[in-house]
Amino acid sequence: MTRTSKLRMKAHFENIQMIVDSTTLPHAMRCLSISIREEIDVSSVMERLNRGKGVLSQSEKLHLWDQLKILSFTRMVLSLWSVTMLSLYIRVQVNILGRHLYVDTARALDTSSSHLLLWLPFKPTATCPVIFWQEELDVIDRDDEQKFLSSADFLVTNAMPGLISNMQSAVSEVLKGMQLKDVITTRVLQETLLRIVDVFMSSGSPHHWVDYLMMPQDTKLSRTTSDGSSDETVSKFNQLMVETRQVLTSTEFTDIVEISLKCFTDALVEEMETQSISGGLATGMPLAKMLPQIEKTIPVIIAEPGKNQFLQLIRDMSEVQVFFTLLYASMPQ
């Protein structure tokens, strides 16, 4: 590869990362934040506790407080996990598609017109916020591009109920026996969150969590045309999905997931310690008093990418940057 080609590829890669940060990821995060707020509602439990003062029996109050404990931790860890994983998934997805478009375009263009590769135009649509779009060249079917990019909505539109159920099971297992009067310190909270994530990630078959991000591998992705022949555009979509799953189940990506989740957790706990009244978490505070603080952290966790300090930390980690650089550069020529 010539120096000029390397510079063009580098410019193309940087443009892809910009598209992720400015358009694709914000759309996905808005949908995710709405889903989390709607699917896990703790307000009804808190309202029953407030309205039941002096009316509820001791056992009823304890039952409601236990519900609040499980729901609060479930919503916090699920938000942390979903934001981290969806952001990484979208980066994998867009880099795979972008690299395919670059290679296909490079093959189609002669040297005299190769300056077109310095940028990747895109056209927003109602159903998909970003469609990588070539007016002059139809290197990948546009419907395929849209279908592939729209598949990032799978977590919100299909997988959320199952994800919530299994995350809640992990939370219940880890918090079993934890009393409302138990003192929670920064270290205890950090260890508890990491333990919940570990229990969730290690339950089920290896890489079971991938099925929350994309449709199961055995789902039919191809179809035949009316004359019985194979539909090549759908086969291209199939290829993109297979490549994405291969990346997600790789050892390298698993390492990035582990590093990213820990980075997010550590930063979140540090933020909660800073925001706690009179340094409560640093010195220790009863679990019952910490639950309202957990609820206050949810908007911070699911904030839009431009204002989300946790996503920015993950994006700027050297390990993450190297991973996506290598992913883009190692796609088939």
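Not measured: the values here are computed from a predicted model. (Residues numbered from 1 in each chain as written. Predicted model: local features only at pLDDT ≥ 70, side-chain atom pairs only at ≥ 80, totals over all residues. Heavy atoms only, no water.)

Looking at this structure, how should I read helix 8 (residues 251–275)?
Residues lying three or four places apart along an α-helix face the same way, a consequence of the helix completing one turn every 3.6 residues. Its 25 residues place the ends of helix 8 36 Å apart at the C-alpha level, agreeing with the 36 Å of an ideal helix rising 1.5 Å per residue. Along helix 8, the residues classified as buried are F253, I256, V257, S260, L261, C263, F264, T265, A267, L268, V269 and M272. (Helix = DSSP H or I, 4+ residues; strand = E, 2+ residues; numbered from the N terminus. Expected span 1.5 Å × (residues − 1). Buried < 20%, exposed > 50% of the residue type's maximum accessible area, 1.4 Å probe, protein only.)

Please explain the packing of helix 5 (residues 154–175) against helix 6 (residues 186–202) as it appears in this structure.
Two quantities define a packed helix pair, namely the angle between the helix axes and the distance between the axes. Orientation of helix 5 relative to helix 6, taken along the N-to-C sense of each, is 130°, at an axis distance of 9 Å. Taken together, the axis directions place helix 5 and helix 6 in an arrangement best described as oblique. In the packing of helix 5 onto helix 6, the handedness of the crossing is right-handed. Counted together, L163, N166, M167, A170, V171, E173, V174 and L175 of helix 5 and T192, R195, I196, V199 and F200 of helix 6 form the full contact between these two elements. Its residues placed into classes, the contact of helix 5 with helix 6 shows 9 nonpolar, 2 polar and 2 charged. (Axes fitted to C-alpha atoms, helices over the stretch in contact; angles between N-to-C directions. Parallel < 35°, antiparallel > 145°, perpendicular 65-115°, else oblique. Left-handed = near helix turned anticlockwise from the far one by under 90°. Contact = heavy atoms within 4.5 Å. Nonpolar A, V, L, I, M, F, W, Y, C, P; charged D, E, K, R; others polar.)

I keep staring at the environment of K147 and nothing clicks. Help me out?
Structurally, the position occupied by K147 is in helix 4 (residues 142–150). Spatially, the C-alpha atom of K147 lies 7.5 Å from that of F237, the residues being 90 residues apart in sequence.

How should I be thinking about the packing of aromatic side chains in this particular structure?
The geometry of an aromatic ring pair is captured by two quantities: the separation of the ring centres and the angle between the planes. This model, assessed by the stated rule, comprises 7 aromatic pairs. A ring pair is formed by F323 and F324, whose centres lie 5.1 Å apart and whose planes are at 85°; its orientation type is edge-to-face. Of the two residues, F323 and F324, both sit in the buried class. Connected via pairs of aromatic rings, a cluster forms that spans W209, F253, F323 and F324. In this structure, R99 is placed above the aromatic ring of Y328, and the distance from its NZ or CZ to the ring centre is 5.5 Å. (Phe/Tyr/Trp six-rings, centres within 6.5 Å; stacked < 30°, edge-to-face > 60°. Lys NZ or Arg CZ within 6 Å of the ring centre and 35° of its normal.)

Please explain the nonpolar core as it appears in this structure.
The biggest cluster of nonpolar side chains holds 96 residues, and the ones touching the most others in it are F73, M76, W81, L189 and W209. For this core, the element with the highest residue contribution is helix 3 (residues 58–108), accounting for 22 residues. Each residue touching L189, except ones within four places of it in the same chain, is listed here: F73, M76, I184, V269, M272, L281 and M290. (Core = buried A, V, L, I, M, F, W, Y, C linked by side-chain atoms within 4.5 Å.)

Just checking my understanding: could you explain the confidence of the model for the protein chain for this structure?
For any part of a model where pLDDT is low, the fine detail of the predicted coordinates should not be relied upon. Mean pLDDT over the protein chain stands at 82; residues scoring 70 or higher make up 80%. Confidence drops under a pLDDT of 50 for residues 110–138, and excluding neighbours within four residues, the segment shows 62 contacts in the predicted structure. A low-confidence stretch, residues 221–226 stays under pLDDT 50, and its non-local contacts, those more than four residues away or across chains, total 14 contacts. (pLDDT = per-residue confidence, 0-100.)

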